[in-house]
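Residue-level listing of the chains:
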Amino acid sequence: MPSVSAHVALTLAQHIDAVFGVMGNGNAYFLDAIETQTAAVFTAVRHEQGAVVAADAHFRASGRIAAGTSTYGAGFTNTLTALAEAVQAHVPLVLVVGDEPTSGPRPWDVDQIALASAVGARTYTVGRADAAATTVIAIEHALTYRVPVVLAIPYDVAAREAGPVPPAPEPRVPAALAPSGEFAEGMLDEIAAALAAAERPFLLAGRGAWLSGASTALGELAASTGALTASTALGRGVFPDTRFDLGVTGGFGAEGAMELIREADVAVVFGAGLNQFTMRFGALFAPGTKVFQIDIAPAATHAHVGGFVRADARLAAEALVERVTGSIGAPWRESVDVAAARAYDHGDDLAPDGRLDPRSAARRIAALLPEDRVVVSDGGHFIGWANMYWPVAAPDRMMMIGTAFQSIGQGWPSVVGAALARRDATVVLTSGDGGGLMAIADLESAVRAAAGRGVAVIWNDAAYGAEVNLYGLKGLAEAPMRIPEVDFAAFAAAVGAEGVVVRTLADLDRLESWAAEDPATRRFLLLDLRISGDVIAPYQQEIIRVNS
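Residues numbered from 1 in each chain as written. Predicted model: local features only at pLDDT ≥ 70, side-chain atom pairs only at ≥ 80, totals over all residues. Heavy atoms only, no water.

Draft legend 1. Region of interest: the pattern of salt bridges. The tally for this structure, following the rule as stated, stands at 26 salt bridges. One salt bridge in this structure joins R314 and E318, with 3.2 Å as the shortest N-O distance. Separated by 4 residues within a single helix, R314 and E318 lie in helix α12 (residues 313–323), roughly one turn from each other. Under the relative-accessibility criterion, R314 is labelled partly exposed at 27%. Classification of E318 by relative accessible area gives partly exposed; the value is 34%. (Salt bridge = Lys/Arg side-chain N within 4 Å of Asp/Glu carboxyl O. Helix = DSSP H or I, 4+ residues; strand = E, 2+ residues; numbered from the N terminus. Buried < 20%, exposed > 50% of the residue type's maximum accessible area, 1.4 Å probe, protein only.)

In structure tokens:
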């Protein structure tokens, strides 16, 4: 007869096709059932944090919910940083874990429910009689509230027989939030009138707009109003017409593009949280700009918003398209040089200290990477380079895992999740030497999962660059901020990948020849870029100014 763990596995597999994790005492029966009784694909990672990171990346790359799994105790506590990131980033996933017996904790058990709650994740605990139903409830909760949930299997019931697996209802998720009520309708009328009267209209969209499927409606609205457009870092590519798109706002944005945004007289924001980085610490819009926001949040998320509609971005955009007919106002966007405004500093071949200039390296890599790329980013000072110089086709092709919780060390397992979600794409990791070392165990996982479809770019400045830039400049002791220069190319070779130390732009020629090879026969490629730490990314310069 099926066990409690099998009930969980069989029910979960009806809705999830990818599971990532590390096996231990607490989840052994669950993984046995996943492997032998379901069609779900289990991919092993080498550190429990990677189980959650991979499931997180899988959702961001595909829109399909995935699962991570670990044992109880130390296995579970290893997942907490990644769990906190998924909470902060509003990523639905299910973390299946072992837990203390129903009879009470053993000496090596901890209060896992309290720990999960502390980072914002809810726990559902299965029993012998309700394992299938509880599993469905957990999935439903994750999808409804766009958060990770923990599904706990107590140690003493994991292997107990539970009878035939009962039919479980499909998870129900709420319909898209439509604008409703006189206030919402009136505000949409006001936004439409403001766009109609605007001389310099501007539309900004974030990841929420992409998740709602608003791309087509936003393109129609931009065309009808003659608006310039831009996106947040997590929403890049959401507007279909790139001719009039200014790229990413905030510290990753080009200075010319940000100057144009400050000229806007009306700005409408769709599905974007307007955090301090997107808003350039309050300087994105000029004081005279009328700013409207449309989001599913309960209220406006920035003090500069003058009008707010709580609604799904797609439904609101479609409602505005209906209100705005024909070409309205002067074609501001056709009077500006968008390409020039989006231009970034080319940089030099080498920085004054003789090491590689990360700007010129980023430009050269962008020219050589396959067009089908999906970029996954760890956290650290280097995040500016890929975000500025590597364009991607859509928001689900650039994932910044770790930035919501301001963490590093989640890069390698991100490759695992993205590679399983996008089996025909080239997965490109951008990581620093600090984060790369922190999660080095899952270099092996990344190489195994992506194989010849994987590239890793390590921005190796022998330092925790963000800390040097922020605190070294203030005169704090730099010794704790420095890292002995590590040969990441040798690490790559040790796990079956190809590693290339890059000291000059000519060394990047290997990426060009690698891209021309058959992915089925080439190896995972790691580029160990020996960059200068003296070249500070613009977004970091902005943070330095604010903190000074």
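So, next bit.
Draft legend 2. Inspection of the packing of helix α14 (residues 358–368) against helix α21 (residues 509–516) at higher detail. For the pair α14 and α21, the least separation of the axes is 9 Å and the interaxial angle reads 15°. By the criterion of interaxial angle, the relationship of α14 to α21 is roughly parallel. Both α14 and α21 take part in a crossing whose hand is right-handed. Note on element contacts: α21 touches α14 through D509, L511, E512 and A515, opposite R364, I365 and L368. (Axes fitted to C-alpha atoms, helices over the stretch in contact; angles between N-to-C directions. Parallel < 35°, antiparallel > 145°, perpendicular 65-115°, else oblique. Left-handed = near helix turned anticlockwise from the far one by under 90°. Contact = heavy atoms within 4.5 Å.)

Draft legend 3. Just the packing of aromatic side chains, in detail. Evaluation of the coordinates by the stated rule reveals 7 aromatic pairs. Centre to centre, the rings of F277 and F281 are 5.7 Å apart; their planes meet at 85°, and the pair counts as edge-to-face. Classification of F277 by relative accessible area gives partly exposed; the value is 32%. Here Y344 and Y389 contribute two aromatic rings whose centre-to-centre distance is 5.4 Å and whose plane-to-plane angle is 50°, an arrangement assigned as tilted. With Y344 in the loop between α13 (338–341) and α14 and Y389 in helix α15 (residues 383–389), this pair connects stretches of sequence that are 45 residues apart. This pair shows no difference in class: Y344 is buried, exactly as Y389 is. One cation-aromatic arrangement involves R106 over Y155; the distance from NZ or CZ to the ring centre is 4.7 Å. R522 extends its terminal NZ or CZ atom over the ring of W514, reaching a point 3.6 Å from the ring centre. (Phe/Tyr/Trp six-rings, centres within 6.5 Å; stacked < 30°, edge-to-face > 60°. Lys NZ or Arg CZ within 6 Å of the ring centre and 35° of its normal.)

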